[in-house]
Amino acid sequence: MAKITLENLAHSYLPDPKSENDFALKELNHDWADGEAYALLGSSGCGKSTLLNIISGLLIPSQGRVLFDGTDVTMSPTADRNIAQVFQFPVVYDTMTVRQNLAFPLKNRGMDAAEIKRRVQRVGKMIDMEAELDHKARGLTADAKQKISLGRGMVREDVNALLFDEPLTVIDPHMKWELRTQLKQLHQDFGHTMIYVTHDQTEALTFADKVVVMYDGRVVQIGTPQDLFERPAHTFVGYFIGSPGMNLFEATIEGATARVGDTTVELGGTYVASGKTQLGVRPEFIRLSAGGTGIPAQINRVEDVGRHKIVRLTVEGHETNAVIGEGVDIPAGTDRISFAPEGINVYANDWRISAKGDAA
Ligand SMILES: Nc1ncnc2c1ncn2[C@@H]1O[C@H](COP(=O)(O)OP(=O)(O)OP(=O)(O)O)[C@@H](O)[C@H]1O
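Residues numbered from 1 in each chain as written. Predicted model: local features only at pLDDT ≥ 70, side-chain atom pairs only at ≥ 80, totals over all residues.

- You'll find the chain entered in an unreviewed UniProt entry as ABC transporter-like protein, with Celeribacter baekdonensis B30 given as the organism.
- Taken directly from UniProt, the Sequence similarities (unreviewed entry) text for the chain runs: "Belongs to the ABC transporter superfamily." (UniProt positions renumbered as here; feature names shortened; annotations may be inferred.)

Written out as structure tokens, the structure reads:
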């Protein structure tokens, strides 16, 4: 297992990049801790695979260095990096049995037969294919073949890192949940450094200790699921994480208060902000009322989704969502919203700013 250091790393697919916009991966500096499970999350085209391919050695970055435990591996081929990789689509040897496929990386390293047998049995159980261990891979479904690929990725215990690139795309929904749980268990048992690329927030939040959110070639936040929920560092994180995502209100910041339209909102702290200023409030922190001092709002519809209700409103001309707990009544004649102070985030030019005196 290794700590992974990304130093002044950036990548452009163009031979002669002129501006930041020419970079698929914009400059970043990070240490990814030994033994942690990271999810790389972001929408299509934001640079997740570019970053993963640089870490795995499939791509040489146009700038910067990659270090494994302090050793520069930037120019080292994948084979020399001692990593296991699982891709979106299965990579299996059709003519081999499931058992031979799983044993392959261990045999290659000359491990003794009894140990190979033990590990293959364990991984076979993990991927729920114990009964098929002696079947040929040819003829198995894509779903089963991908489970073999995952198993092969997990069978070695001595790797520097385990890299997964959207590995559950072809897996059926029930098995997805099962395999995610198994991966998490594997991580707890062996403490591998794991990097898991996905555009699915549920997958990222359930799998990872830390979620690395990418947007437009940039890492906009690395945090625990709780950090991403409570203190989204960028408006994109607020919008992308959560269902529905965070509401944004254009606001003028005036120290400890903000003006949203004609309404004054108490911020619960003092802020100095300029540029494009907004308040970000998750639907869970929106309060509804009839009359009073809140921001004028109009309910468009209410969706009962079982555990809670989603109230769709129009506020200051924008669609706004509130989440109301099961059994909580929506006040009759609701025409105002207000914000729970602990749920207010202040943004200047899309980046979260802290109240004076706050650490984060
Ligand atoms: N080989 C390449 N040549 C030129 N441009 C590329 C190449 N690979 C990726 N890109 C571009 O780089 C940007 C980042 O792509 P990347 O594949 O890293 O994103 P991603 O977040 O992994 O997306 P997806 O989830 O769709 O795979 C995109 O604009 C993409 O078009």
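Back to the write-up after that little detour.
Description of the overall build of the chain
Reasoning step 1: When its secondary structure is counted, the chain shows eight helices and 21 strands.
Reasoning step 2: Projected onto the principal axes, the alpha-carbon positions of the chain cover approximately 75 × 50 × 35 Å.
Reasoning step 3: In the chain, buried positions account for 39% of the 360 residues.
Reasoning step 4: Across the chain, every contact between residues at least 6 apart in sequence was considered, and the portion connecting residues at least 24 apart equals 66%. (Helix = DSSP H or I, 4+ residues; strand = E, 2+ residues; numbered from the N terminus. Buried ≥ 20, exposed ≤ 12 C-beta atoms within 10 Å, placed from the backbone. Contact = placed C-beta atoms within 7 Å.)

Some words on the domain arrangement of the chain
One frequently used descriptor of interface size is the decrease in accessible area upon assembly of the parts.
Reasoning step 1: Assigned domains of the chain: these are domain 1 (4-240) and domain 2 (247-353).
Reasoning step 2: A separation of 38 Å is found between the C-alpha centroids of domain 1 and domain 2.
Reasoning step 3: On the side of domain 2, eight residues touch domain 1, which itself brings six residues to the contact.
Reasoning step 4: Residue classes in the side of domain 1 that touches domain 2 are distributed as two nonpolar, three polar and one charged. (Domains from an automatic or database assignment. Nonpolar A, V, L, I, M, F, W, Y, C, P; charged D, E, K, R; others polar.)

Concerning the UniProt feature "domain: ABC transporter" (unreviewed entry) in the chain
Reasoning step 1: UniProt records the feature "domain: ABC transporter" (unreviewed entry) for residues 4-241 in the present numbering.
Reasoning step 2: Helix makes up 35% of residues 4-241 and strand 23%, with an end-to-end C-alpha separation of 25 Å.

A word on the confidence of the model for the chain
Reasoning step 1: Counting all residues, the mean pLDDT for the chain is 93, and 99% of those residues have values of 70 or more.
Reasoning step 2: Both scores are given for the predicted complex: the pTM is 0.90, the ipTM 0.97. (pLDDT = per-residue confidence, 0-100.)

Some remarks on the environment of phenylalanine 87
Reasoning step 1: Mapped onto the elements, phenylalanine 87 comes out in the loop between β6 (83-86) and α2 (98-108).
Reasoning step 2: On the basis of neighbour counts, which here come to 18 C-beta atoms within 10 Å, the residue phenylalanine 87 falls in the partly exposed class.
Reasoning step 3: In this structure the C-alpha to C-alpha distance between phenylalanine 87 and glutamate 115, which are 28 residues apart in sequence, comes to 26 Å.

Describing the sheet that holds β6
Reasoning step 1: In space, the six strands of this open sheet follow the order β6-β7-β8-β3-β9-β10, with mixed pairing throughout. Either end of the sheet is taken by a strand with one partner, and the two such strands are β6 and β10 (218-223). Here the strands of the sheet are splayed against their neighbours by 15 degrees on average, with no regard to which way each runs.
Reasoning step 2: Of the pairings in the sheet, the one linking strand β7 (residues 161-165) to strand β8 (residues 194-198) comprises four bridges and is parallel in character. Looking across to β8, one finds that aspartate 165 is bridged to valine 197. (Pairing = 2+ DSSP bridges. Axes fitted to C-alpha atoms, helices over the stretch in contact; angles between N-to-C directions.)

Details of the nonpolar core
Reasoning step 1: Membership of the largest hydrophobic core comes to 68 residues, with the highest contact counts inside it found for Ala39, Leu40, Tyr196 and Val213.
Reasoning step 2: With sequence-adjacent residues up to four places away left out, leucine 40 is seen in contact with Lys48, Leu51, Leu52, Ile195, Tyr196, Val197, Val212 and Met214.
Reasoning step 3: If you look at the next biggest cluster of nonpolar residues, it comprises 25 residues, including Val265, Ile295, Ala322 and Phe339. (Core = buried A, V, L, I, M, F, W, Y, C linked by C-beta atoms within 7 Å.)

Describing the pairing of strand β19 (residues 336-339)
Regular strands show a simple pattern: their side chains alternate between the two faces of the sheet.
Reasoning step 1: Burial along β19 is one-sided: the face carrying Ile337 and Phe339 is buried and the face carrying Arg336 and Ser338 is not.
Reasoning step 2: In this structure, strand β15 (residues 286-289) lies alongside β19, joined through four bridges in antiparallel fashion. Looking at β19, one finds that isoleucine 286 is bridged to phenylalanine 339.
Reasoning step 3: Taken together, the two bridges between strand β16 (residues 295-304) and β19 define a ladder with antiparallel strand orientation. Note that in β19 the partner of proline 296 across the bridge is arginine 336.

Some points on the site of the ligand
Reasoning step 1: Around the ligand, the neighbouring residues are Tyr13, Ala24, Gly42, Ser44, Gly45, Cys46, Gly47, Lys48, Ser49, Thr50 and His199.
Reasoning step 2: Across the shell around the ligand, the residue classes break down as three nonpolar, seven polar and one charged. (Near = placed C-beta within 6 Å.)

What about the pairing of β10?
Reasoning step 1: Direction of pairing for strand β9 (residues 210-215) relative to β10: antiparallel, over a ladder of five bridges. Among the inter-strand pairings, valine 213 is bridged to a residue of β10, identified as glutamine 221.
Reasoning step 2: Hairpin connection between β9 and β10: a loop of two residues separates the two successive antiparallel strands, and aspartate 216 in this loop has a positive phi of roughly 50 degrees.

A short note on the packing of α2 against helix α3 (residues 113-126)
Reasoning step 1: Following both chains from N to C, one finds α2 and α3 inclined at 130 degrees, their axes separated by 10 Å at the closest point. Here α2 is positioned oblique relative to α3, judged by the angle of their axes. Crossing geometry of α2 relative to α3 is assigned as right-handed. Residues Arg99, Leu102, Ala103, Leu106 and Lys107 of α2 form the contact with α3, whose participating residues are Ile116, Arg119, Val120, Val123 and Gly124. (Parallel < 35°, antiparallel > 145°, perpendicular 65-115°, else oblique. Left-handed = near helix turned anticlockwise from the far one by under 90°.)

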